[in-house]
Amino acid sequence: MRLFIALFLIFSFIPPAHSQEANPEVPEALQVLVDRGAQIRYLGSEHGMDGWITIFQGQEQYYYVTPDGKAFIMGLLFNKDGEMVTIEQVRSLQAKGGDVIDLLAIDNEQESLASVRSESNEAFEYKTPAERMFEEVENSNYLSFGSSNAPVVYSFMDPQCPHCHDFMKDLRNGYIENGLVQLRLIPVGFREETLAQSAFLLAAPDAEQRWYQHLDGDNSALPAKRDVNTRGVERNMMLMQNWNFDVTPMTIYRDREGKVKIIRGRASNMNEILADLPS
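Reading the values: rules and limits
- Residues numbered from 1 in each chain as written.
- Predicted model: local features only at pLDDT ≥ 70, side-chain atom pairs only at ≥ 80, totals over all residues.
- Heavy atoms only, no water.
- Buried < 20%, exposed > 50% of the residue type's maximum accessible area, 1.4 Å probe, protein only.
- Helix = DSSP H or I, 4+ residues; strand = E, 2+ residues; numbered from the N terminus.
- Pairing = 2+ DSSP bridges.
- Right-handed = clockwise from strand over helix to strand, strands pointing away.
- Axes fitted to C-alpha atoms, helices over the stretch in contact; angles between N-to-C directions.
- Contact = heavy atoms within 4.5 Å.
- Parallel < 35°, antiparallel > 145°, perpendicular 65-115°, else oblique.
- Left-handed = near helix turned anticlockwise from the far one by under 90°.
- Nonpolar A, V, L, I, M, F, W, Y, C, P; charged D, E, K, R; others polar.

A. Local environment of the pairing of strand 6 (residues 152-157). Of all six residues that make up strand 6, five are buried, and the element is covered over most of its length. The sheet contact formed by strand 6 and strand 7 (residues 182-187) spans six bridges and is parallel. Within strand 7, the residue paired with M157 across the bridge is P187. For the handedness criterion, the β-α-β arrangement of strand 6, helix 7 (residues 162-176) and strand 7 is classed as right-handed. In terms of strand pairing, strand 6 meets strand 8 (residues 250-254) through three bridges, oriented antiparallel. Looking across to strand 8, one finds that S155 is bridged to T251.

B. Main features of the sheet that holds strand 9 (residues 260-264). On the basis of which strands lie adjacent, the open sheet formed by five strands has the order 5-7-6-8-9 and mixed pairing. At either end of the open sheet lies a strand with only one pairing partner, and these are strand 5 (143-145) and strand 9. Going across the sheet, the axis of each strand differs from the next one's by a mean of 25°, ignoring polarity. Contacting strand 6, strand 7, strand 8 and strand 9, helix 6 (residues 129-138) runs over the sheet at an angle of about 110° to strand 8.

C. Region of interest: unusual backbone geometry. In this structure, P249 follows T248 across a cis peptide bond, with omega equal to -5°. Its location among the elements puts P249 in the loop between helix 10 (231-242) and strand 8. The backbone phi angle of H47 is positive, close to 55°, even though this residue is not glycine. As for its position among the elements, H47 is in the loop between strand 1 (39-46) and strand 2 (49-56). Exposure remark for H47: the relative accessible area of 57% places this residue in the exposed category. A positive phi angle is found at N244, which is not glycine, with a value near 60°. Mapping N244 onto the fold places it in the loop between helix 10 and strand 8. Exposure remark for N244: the relative accessible area of 64% places this residue in the exposed category.

D. Examining the packing of helix 8 (residues 192-203) against helix 10 more closely. It is the contact of helix 8 with helix 10, at a shortest axis distance of 8 Å, that shows an interaxial angle of 115°. Here helix 10 runs roughly perpendicular to helix 8, going by the angle between their axes. As for the relative orientation of helix 8 and helix 10, their crossing is right-handed in sense. The residues of helix 10 that touch helix 8, namely those facing L195, S198, A199 and L202, are G232, V233, E234 and M237. Tallied by class, residues from the contact of helix 8 with helix 10 come to five nonpolar, two polar and one charged.

Structure below.
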């Protein structure tokens, strides 16, 4: 389950913060995002930092601006007790009501936020490096291919990586289309062109169709738009860098015994992986 799905639904189409008189002006460090078309709202000041949320091309991010206004930190804010301050700021924003609450309200809103709070507290329990890595992979920006009831494998792929193409074709023909495996594809890009293609894929409503068209040789299926928001893909790239993942495809899954397994490059025998997955 992706940690930020509920928050993404909550904040779709939020109006710009600078349209609200009670809010401070957008800091210089974040103005570049606004200039690119990001929707932005002020979350308030906590622990000496002003918090902001941005939505751009379907991707939500949280920023905390340093006191001098010249830099920012991207991510969620926790206090010393492991409580997610960001969620409390979200609640406060919703409580203002009026036009804002009309835009933010969703069904089961409180349950969704409570679920996020519960998951955030778990992050402060000790986890092995493999478990921490797998948790970060689970919360990456990915696309799902195949049956939701099938066992899951994650794989980092670059649109122009020939080994990724080969591995994807292995999965598509014998496993995904037969409902044996669900692939959660984590798009990345090692060049400016593939970064843009992955960003386009991540935002596309018909991502699965476009990915398969791309694999089949359609050069127009994944355009490398210069104005596309690449932050979601950059986050995936940062995840790879943090865990020293240096090749694609890089595939991660949990086996029948709950152990985290990693496969570098194209898997040589998908049947062995299938036998190793939970039934």
